[in-house]
Amino acid sequence: MKNNCVLIFLIVISSFFSRLGFSQTTLFSDNAANYSSWTSGTNLGTGFSAWDLWTQNTDGTHFAGHFLGNSVSQGFGDVNSSGSSFSMYANPGGTFVQANAQRFLSNTGSPAVGGRQYLLPGQSFKIDLAIAYRNGYKGIDLMDQNFNLLYTFNVASDVYSSTTNANFGWTYDQASVFQLVVNQTDVNSYEVIILRGSDSYSSGIRTGQFSGFKLFIGNTDPGNDLNNLHFNSLVVQKCAMTTTWDGTSWDKGEPNINKNVVFTGNYTAAVGFSACSVTVSNNAIVTINSLNTITVENGISVNSGSSLIFENKSSLIQNNAVAVNIGNITYKRNANPMIQYDYTYWSSPVSSQVLNVFSPLTLASKFYSFNADPLVNNWVLENQINTMLPAKGYAIRAPQGYSSTPQTFNGAFVGVPNNGNYTVNVYKKTVGNYNLLGNPYPSAINVQTLISNTTLITLYYWTHNTAISSNVFTSNDYAVRTSLAGTAASSGGVVPTKYMAAGQGFFASSSVNGSVTFTNAMRVSGNNSTFFRNSNSPEVINDEADDNLIRLDLSNSGGVFKQQVILYVTGATNDYDSGIDGDQIDGQYVSFYSIIPGHNLAIQVKPMPWEVTDQVPLGFKSTIAANTSFNINISELGNFFSDKDVFLEDKTFNIFHNLKAAPYTFSSIAGVFDNRFVLHYQDTSLSNDDFTASENSVYLFEENHHPKIVSSKSNITSVVVYDMLGRVVFSKDEIKANEFVLSDLIANN
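Per chain, residue numbering runs from 1 following the sequence as it is written. Per-residue local features of the predicted model are confined to residues with pLDDT of at least 70, and side-chain atom pairs are confined, for both listing and counting, to 80 or more; whole-chain, interface and lining totals are unaffected and use all residues. Only hydrogens and water are set aside when side-chain values are computed; all heavy atoms of the structure are taken into account.

> Explain the overall build of the protein chain to me, using residue names and the numbers behind them.
In DSSP terms, a helix is any run of H or I states spanning at least four residues, a strand is any run of E spanning at least two, and both are numbered starting from the N terminus. Across its full length, the protein chain holds four helices and 57 strands. Expressed as a percentage of its 749 residues, the buried residues of the protein chain come to 54%. In this description, contact between two residues means that some pair of their heavy atoms is separated by no more than 4.5 Å. Taking contacts inside the protein chain between residues at least 6 apart in sequence as the whole, the part at least 24 apart equals 65%. Only the protein chains shown count as cover for residues, and all accessible areas are computed by the Shrake-Rupley method using a 1.4 Å probe. A total accessible area of about 30800 Å² is found for the protein chain, and carbon and sulfur atoms account for 50% of it. Residue exposure (1.4 Å probe, protein chains only): buried if accessible area is under 20% of the type maximum, exposed if over 50%, otherwise partly exposed.

Dropping the structure here:
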């Protein structure tokens, strides 16, 4: 019973350390249990060339050969797998009778010579040897891919020796089991480690690229199986070696994804790096500079008293979703500029982050989450001592004491870095209810992957470009993003790309009630600069899924702004496509959108192939009572449309305006106008027999008791007004617009 308990305990411990990332990963292997017969040319392993077996100087009285044996039954230490090991013999002595077994690596990913490859930096080769009597000679030669000898471990003349040590000085033990390890520490550097129980020997760092080995035995005494050589368990592994930074240098070469990395001294990462695992110990302070990424295959461990700090815009990527992290990191994320009463939507990239520890100067009553249940659909006051949950979004007000002068908020999340899957419940959008979620990782995530693998449809980023008033946010401040495109907020700012920064909270619509799971597959390296709320970043690049895009802006001189996108991609439809079409949120003053049945869209994705006859109905809303002038212009045009026309039809005035030539200017009072504008790719007015326009397509209207001139074909350059006697009573040059109100004409005449 006690033995069972011990076994279970060992299994649990083994599993735990495996998740931590300290376990090595076997890439290729071979062992004697794979073979029923072992002869030259056989190969039942992976990643190795076929066995090359041969003997030397044999005759009727001198013998050498190869066989599958059992090291234990012959009195050796145990190197068996399923009771079998590779075995060789060669006797008697005096004539250099010898048996050889040779093999090379064949699948490490390095350049090959004759099919022979070498270990890549961070990869390790291991083999177990059982050697009893020390007469004759027996051992292993290590070679590069051109058969050049790199290193030899030899047992002969009652000593254990190597290329770098004539006598290890180890006590003789008939049951000796040796493990020979070759670590490729860099492209052209390696070390050999030989282990026997508690005995250990290292060659130190040597020059070369390990590619293959030759096992040999010769000149042994006859008549005793203990003169044989047994070997087994050939493996090529990653994460089997460790490089340590002591504050000055790396002892086993630069880090890479195949090496465990240990910091025992202070380190600042001026560039990113990769590692199999990361351990920070000995009170070391490790800082990852802004914009850099460290990629870790497995786990991270930060010992008590040590620090791992990620500066603003830096990233941590972990590939193994079940790797366990131990110890706290500090992850910095700046939101700027902020003024008094500003809110930012946050999400914690670490566990155990308490709200008021993250923002200690925020009033206790100014931490919120959101309940998207259609029966509630409202903000929820969070207790300031609550722990931020992974993938949940929080609205946090600026620290008390901020003024009307913009001030940078330097956020610092402290806790164990989040890694793996995180699931949150969501509600279907039915009554304008949106789910407040957040990026749970200390890295950016790919929005396309998020939307493609969940029920989320459209994401809304709070920019808080407009100061909060009476505890009410303005909808002008939401930037919109779908899988394929994004639009800036009505209050301006950057266009959201397909990447979402670490620490970012956001609203999202869902197509069903249920849950959404964030996974490591969504995490991306870099692309971690654009944070809402954040100032415009010069690093932001619009990265649309396709270049068949038209971005339309509606604006005026008073600062009103609203943006929408029309995008053409293969596989889309003219109906509502969940995840790529995005519903707009009405602005405080104006809204501008495209229309399909049941949806007013900030982003509409239409099918390819594109057709010149396609038409896109556009909608416009205004809450401004006074008759106000607006402009519609193209702010971004994909290369696909560089040689194509883009016209805006204004049905109110029967005008077709070329948007590629100039913005379209119009006036409107408050109201909803879903039948006024249509986007075209040809001027259909030219073939409309039922429409008769004046030769110059210039019209005269009355607007607020003033004459208004509208040109449907081109911009007005100048206006001259004559009286009945032919005298000039009014003139205006450099108008450069398609409409003009003669407001000064009545006042002056």
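> Which residues make up the sheet that holds strand β16 (residues 241-245), and what are the values?
Working definition: the strands of a sheet are paired by backbone hydrogen bonds and lie parallel or antiparallel to each other. The sheet built from four strands is open, its strands ordered β16-β17-β20-β23 with parallel pairing. Strands at the two margins of the open sheet, each flanked by one partner only, are β16 and β23 (300-302). Ignoring strand direction, the axes of neighbouring strands in this sheet form an average angle of 15 degrees. Strands are labelled as partners when DSSP assigns at least two bridges between them. In this structure, strand β20 (residues 277-280) lies alongside β23, joined through three bridges in parallel fashion. In the sheet register, Val280 faces β23, and the bridge partner there is Val302. As a rule, the C-alpha atoms of each element are fitted with a line to give its axis, helices using only the stretch in contact, and angles between N-to-C directions run from 0 to 180 degrees.

> Got a sec to walk through the packing of aromatic side chains? Specific residues and values, please.
Centres within 6.5 Å make a pair out of two Phe, Tyr or Trp rings, where for Trp the six-membered ring is used; the pair is then stacked when the planes are under 30 degrees apart, edge-to-face when over 60, and tilted otherwise. Taken as a whole and judged by the stated rule, the model has 60 aromatic pairs. Taken together, a centroid distance of 5.4 Å and an interplanar angle of 55 degrees make the contact between Phe153 and Phe178 tilted. Within this pair, whereas Phe153 is found in strand β8 (residues 149-156), its partner Phe178 is found in strand β10 (residues 177-186), the two being separated by 25 residues in sequence. For the pair Phe153 and Phe178, one class covers both residues: buried. Taken together, a centroid distance of 4.9 Å and an interplanar angle of 65 degrees make the contact between Phe666 and Phe677 edge-to-face. With Phe666 in strand β51 (residues 664-668) and Phe677 in strand β52 (residues 671-680), this residue pair connects regions lying 11 residues apart in the sequence. An aromatic cluster is built from Tyr35, Trp38, Phe48, Trp51, Phe86, Phe125, Phe210, Phe213 and Phe231, whose rings are joined through pairwise contacts. A cation sits over an aromatic face here: Arg116 above Phe104, 5.6 Å from the ring centre. In this scheme, the term charge over a ring applies when either NZ of a lysine or CZ of an arginine sits within 6 Å of the ring centre and within 35 degrees of the ring normal. Directly above the aromatic system of Tyr160 lies the positively charged group of Arg134, at a separation of 5.0 Å from the ring centroid.

> So what about the pattern of salt bridges? Which residues, and what values?
Salt bridge, as applied in this entry: a Lys or Arg side-chain nitrogen positioned within 4 Å of an Asp or Glu carboxyl oxygen. One pass over the full model with this rule turns up 12 salt bridges. A salt bridge links Glu311 to Lys332; the nearest nitrogen and oxygen atoms lie 3.4 Å apart. A residue pair is termed long-range when its members are at least 10 positions apart, and Glu311 in the loop between β24 (307-310) and β25 (315-318) and Lys332 in strand β26 (residues 329-338) qualify at 21 residues.

> How would you summarise the state of the cysteines if you had to cite specific residues and measurements?
Simply put, disulfide is the name for a covalent bond between the sulfur atoms of two cysteines. Any cysteine sulfur atom paired with another within 2.5 Å is treated as part of a disulfide. Counting across every chain of the model gives one disulfide. Each disulfide pairs two cysteine sulfurs, and for Cys239 the partner residue is Cys276, the sulfurs being separated by 1.6 Å. Looking down the S-S bond of the Cys239 and Cys276 bridge, the torsion is 95 degrees, so its handedness is right-handed. Residue Cys239 is found in the loop between β15 (229-238) and β16, and its partner Cys276 is found in the loop between β19 (273-275) and β20; the two are separated by 37 residues along the sequence.

> Before we move on, could you go through the sheet that holds strand β37 (residues 486-487) and cite the residues and values that matter?
Reading across the sheet, the five strands line up as β33-β39-β35-β36-β37 and stay open at both edges, with antiparallel pairing between neighbours. The open sheet has two edge strands, β33 (435-438) and β37, and neither has a second partner. Taken together, the two bridges between strand β36 (residues 478-481) and β37 define a ladder with antiparallel strand orientation. Considered in β37, the bridge of Val480 is made with Thr487.

> Tell me about the environment of Asp141, and please be specific about residues and values.
Turning to its location among the elements, Asp141 is positioned in strand β7 (residues 137-143). In this structure Asp141 comes out as buried when scored by relative accessible area, which is 12%. Put simply, Asp141 and Phe153 are 12 residues apart on the chain and 6.7 Å apart in space, counted from C-alpha to C-alpha.

> Please set out unusual backbone geometry residue by residue, giving values where relevant.
Here the amide bond leading from Asn91 into Pro92 is cis, since omega sits at -5 degrees, within 30 degrees of zero. Each neighbour pair has its own omega, and for Met608 with Pro609 the value is 5 degrees, a cis peptide bond. Along the chain, Pro609 falls in the loop between β46 (599-607) and β47 (616-622). Phi at Asn219 takes a positive value of approximately 60 degrees, unusual for a residue other than glycine. Here Asn219 shows up in the loop between β14 (212-218) and β15.

> Describe the pairing of strand β22 (residues 293-296), listing the residues and the values that go with them.
Of the two faces of β22, both are covered, the one formed by Thr293 and Thr295 as well as the one formed by Ile294 and Val296. Sheet analysis places β19 next to β22, joined by three bridges and oriented parallel. Counted as the bridge partner of Phe273 is Ile294 from β22. Alignment of β22 against β25, held across four bridges, turns out to be parallel. Its bridge partner lying in β25, Thr293 is registered against Ser315.

> For the side chain of Thr42, give the residues involved together with the corresponding values.
By the element assignment, Thr42 lies in the loop between β1 (25-30) and β2 (52-56). Here a polar contact is recorded for every N or O atom pair within 3.5 Å, except that within protein the pair must consist of a potential hydrogen donor and a potential acceptor, and residues adjacent in sequence are included only if both atoms are side-chain atoms. Of the polar contacts made by the side chain of Thr42, one reaches the backbone oxygen of Thr39; its length is 2.6 Å. The contact partners of Thr42, leaving out residues within four places of it in the chain, are Tyr35, Ser37, Ala50 and Trp51.

> If you had to explain the nonpolar core to someone new, which residues and values would you point to?
With 44 residues, the main nonpolar core has Trp51, Phe125, Phe153, Leu215 and Phe231 as its most contacted residues. Other than its neighbours up to four places away in sequence, Phe231 contacts Trp38, Trp51, Val79, Ser85, Phe86, Met88, Ala101, Ile127, Asp128, Leu129 and Leu215. By nonpolar core we mean a set of buried residues, namely Ala, Val, Leu, Ile, Met, Phe, Trp, Tyr and Cys, connected to one another through side-chain atoms within 4.5 Å. Judged by nonpolar contacts, the second largest core, of 37 residues, contains Phe263, Tyr267, Val286 and Leu355.

> So, the environment of Ser443: which residues are in play, and what are the values?
Inspection of the secondary structure assignment puts Ser443 in the loop between β33 and β34 (444-446). Ser443 sits 83 residues away from Gly526 along the chain, and the two C-alpha atoms are 7.5 Å apart. With residues near it in sequence (within four places) discarded, Ser443 still touches Ser315, Leu316, Ile317, Met500, Ala501, Ala502, Arg523, Val524 and Asn528. Engagement of the side chain of Ser443 in a polar contact is seen with the side chain of Arg523, the distance being 3.2 Å.

> Give me the environment of Pro390: which residues, what numbers.
In this structure, Pro390 sits in the loop between β29 (378-381) and β30 (394-397). Here Pro390 is in contact with Asn418, Tyr422, Val424 and Pro440, once residues within four sequence places are set aside.

> Tell me about the pairing of β7, and please be specific about residues and values.
The side chains of a regular strand alternate, residue by residue, between the two faces of the sheet. Extensive coverage of β7 is indicated by the burial of seven of its seven residues. Because side chains alternate across β7, one face comprises the buried residues Tyr137, Gly139, Asp141 and Met143, and the other comprises Lys138, Ile140 and Leu142, equally buried. Relative to β8, β7 is paired through seven bridges, and the arrangement is antiparallel. Note that in β8 the partner of Ile140 across the bridge is Phe153. Counted between consecutive antiparallel strands, the loop separating β7 from β8 contains five residues, among which Phe147 sits at a positive phi close to 70 degrees. In this sheet, β14 lies alongside β7 in antiparallel orientation, the contact comprising seven bridges.

> Run through the confidence of the model for the protein chain, naming residues and quoting values.
Taken over all residues, the pLDDT of the protein chain has a mean of 88, while the share at 70 or more is 88%. A residue's pLDDT is simply how confident the predictor is in it, with values from 0 to 100. With pLDDT under 50 throughout, residues 1-21 is counted as low confidence; its partners more than four residues away or in other chains account for 19 contacts. Here residues 468-474 scores under 50 on pLDDT; set against residues more than four positions off or in separate chains, the count is 12 contacts.

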